[in-house]
Each structure stands twice: as C-alpha cells, then as structure tokens.
Amino acid sequence: MALLEEPTTELKTPRLKLKVCLAGEEAVGKTSLIRRFLEDVFDDRHIVTFGEAKVTQRELQMKMPDSGDRMRAALGVWDILGQCGLAQFLKDPYFRGAQGLLVVCDVTRPLTLARLKGWRRAATKVAGQIPTYVVANKVDLVEDRQLREDEIRAFCRRWGSPYLLTSAKTGEGVEEAFRRLTGLFLRAQFRNMKGILGG
Ligand code: G3D
Ligand code: MG
C-alpha cells in the first residue's frame, strides 16, 4: 500500500461545506475557541468580516458515516464581533443558513448556561432544528469553577443536546467540539438522504 498519496487525491476527496455558528453570552470564550481551533492551520484559512460577524474557514478530514470513506468538511465558522447581546441577534441574519451550532457557556458563571436557551431559540427560529453541541468552556479555571459536570449533564439531557467540556486556554476538547458537531451534522445528512432515497 502506498504511504504517500498523489497530491491530486486530496482534491478528489468529496468536500462538503457547512456553516457553523458560535453563540453564547459575552466573554464565555467564543473567539478564543475559534482561535484555538485555527491554531495549527496556516494555509487554508481566510477571514472575512461583515457587519457584526466574522467568518473563518477551516477544513476537517472526516469519514463518511455510512461507508467510512474519507471526506473533507469545509467549516465556515461564524463568530460574533464586538459586544452584541442576544437581542440584536433575533433580527440578525447571523444564524441564517446555519447547519451547526456551538452554544458556549463559561463554567465559572452558571448564568451563562441558563442563557443558552435563549441563544438556541434565536438560532432555531432562523435556521430550524440544527445539530447543536453545548460547549462548557474554561475548565482550566479549577478554583473559580461553579458548574459541576453533573449539573451540565442534567441540563443537556433535559435539553436533548450533547455537551463537551473545553478550555480554549489549554486546548482541551476544542478541536473535538468542532469534530463532534460536524459528525452530528454528517449523520443527520445521511439519515435524511436515506429517508429520501428510502434506504
Ligand atoms: P467571547 O468571544 O465569547 O466574548 P473571548 O469571549 O474569547 O473574548 O474570551 C473572554 C475572556 O475569557 C478572555 O480574557 C479570554 O482570554 C478568556 N478565556 C476564553 N476562554 C478561556 C478558557 O478556556 N480559559 C481561561 N482561563 N480563559 C479563557 P481577557 O482577559 O483577554 O478578556
Ligand atoms: Mg468574541
């Protein structure tokens, strides 16, 4: 088996684009998580800002949920610029066309978890029921932590969303959060396709 692949192989791998939005209260770490996610990627990213949003791109190598074949997921990651509260986003095109949602809370501020309901509602109103992951960030701040994992788990179970603990500071769980969300999206896509095709 050849260990080195032809350069063209990469281009032949199927590529799917998806819009992922980050949402959550101010200072929970949305921008830091995106920075961390892009940390090791210098070649295939670019940043576009318009209005109150900033979009960054990164490609992830993924596997097709059915066949396990390689595929590429090109994530357009949307971030909120400046200090915008939920109110501004209810009318905003930010969530339009979103295919995945990372709602971020800060484990040192329990209120930021409760506030995720409003953020998800705003996203759902515009983008429909899209794959959503709860990201509980800043787990490196052990002394200041005020949300235990069982509280987060109970909240997410009631809510029907999976969660992941992260630290944008140490990098813990960060790429995993984007990967798992992309995985949720892919599985939902394949389920829909099977439904359409009657498979
Ligand atoms: P936002 O984009 O959600 O508003 P930011 O949040 O990414 O701007 O982060 C807000 C502050 O929290 C920043 O601190 C940032 O460094 C810090 N932060 C973000 N994620 C983490 C984390 O996982 N651990 C720790 N310890 N801090 C984090 P400053 O002081 O720069 O305002
Ligand atoms: Mg920010």
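Residues numbered from 1 in each chain as written. Chains lettered and ligands numbered in written order. Predicted model: local features only at pLDDT ≥ 70, side-chain atom pairs only at ≥ 80, totals over all residues. Heavy atoms only, no water.

Trainee: How should the overall build of the chain be read in this particular structure?
Mentor: Each helix and strand counted, the chain has seven helices and seven strands in total. Within the chain, the fraction of its 199 residues that count as buried is 44%. Expressed as a percentage of contacts within the chain between residues at least 6 apart in sequence, the contacts between residues at least 24 apart total 73%. By element, 52% of the accessible surface of the chain is carried by carbon and sulfur atoms, the whole surface being about 11100 Å². (Helix = DSSP H or I, 4+ residues; strand = E, 2+ residues; numbered from the N terminus. Buried < 20%, exposed > 50% of the residue type's maximum accessible area, 1.4 Å probe, protein only. Contact = heavy atoms within 4.5 Å. Areas by Shrake-Rupley, 256 points an atom, 1.4 Å probe, with all protein chains shown as cover.)

Trainee: Help me out: how do you make sense of the pattern of salt bridges in this one?
Mentor: Close approach of charged atoms allows side chains of opposite charge to pair. Tallying each qualifying case throughout the model produces 10 salt bridges. Arg 115 is paired through a salt bridge with Glu 25; the nearest N and O atoms lie 3.2 Å apart. Within this pair, whereas Arg 115 is found in the loop between helix H4 (111–114) and helix H5 (116–127), its partner Glu 25 is found in the loop between strand E1 (15–23) and helix H2 (30–38), the two being separated by 90 residues in sequence. Looking at Arg 115, the relative accessible area reads 39%, which means it is partly exposed. The salt bridge partner of Arg 72 is Glu 59, with a shortest N-O separation of 3.5 Å. Here Arg 72, found in strand E4 (residues 70–80), pairs with Glu 59, found in strand E3 (residues 53–63); they are 13 residues apart in sequence, far enough to count as distant. Judged by its relative accessible area of 8%, Arg 72 falls in the buried class. (Salt bridge = Lys/Arg side-chain N within 4 Å of Asp/Glu carboxyl O.)

Trainee: Can you help me understand the confidence of the model for the chain in this one?
Mentor: As a general rule, the predicted coordinates of low-pLDDT regions are not to be interpreted in detail. In the predicted model, the chain carries a mean pLDDT of 86, and 80% of its residues have values of at least 70. Of the regions scoring below 50 in pLDDT, residues 41–45 engages in six contacts with residues more than four places distant in sequence or in other chains. (pLDDT = per-residue confidence, 0-100.)

Trainee: What am I meant to see in the site of ligand 1 here?
Mentor: What surrounds ligand 1 is a group of 15 residues, the closest being Ala 27, Lys 30, Ser 32, Asp 140 and Ala 168. Here an oxygen atom of ligand 1 sits 3.0 Å away from a polar atom, N or O, in the main chain of Gly 29. Side-chain polar atom of Lys 138 to an oxygen atom of ligand 1: 3.1 Å apart, as the coordinates give it. For ligand 1, whose free accessible area comes to 650 Å², the fraction covered by protein is 61%. (Near = heavy atom within 4 Å. Polar contact = N/O pair within 3.5 Å; in protein donor to acceptor, adjacent residues only side chain to side chain.)

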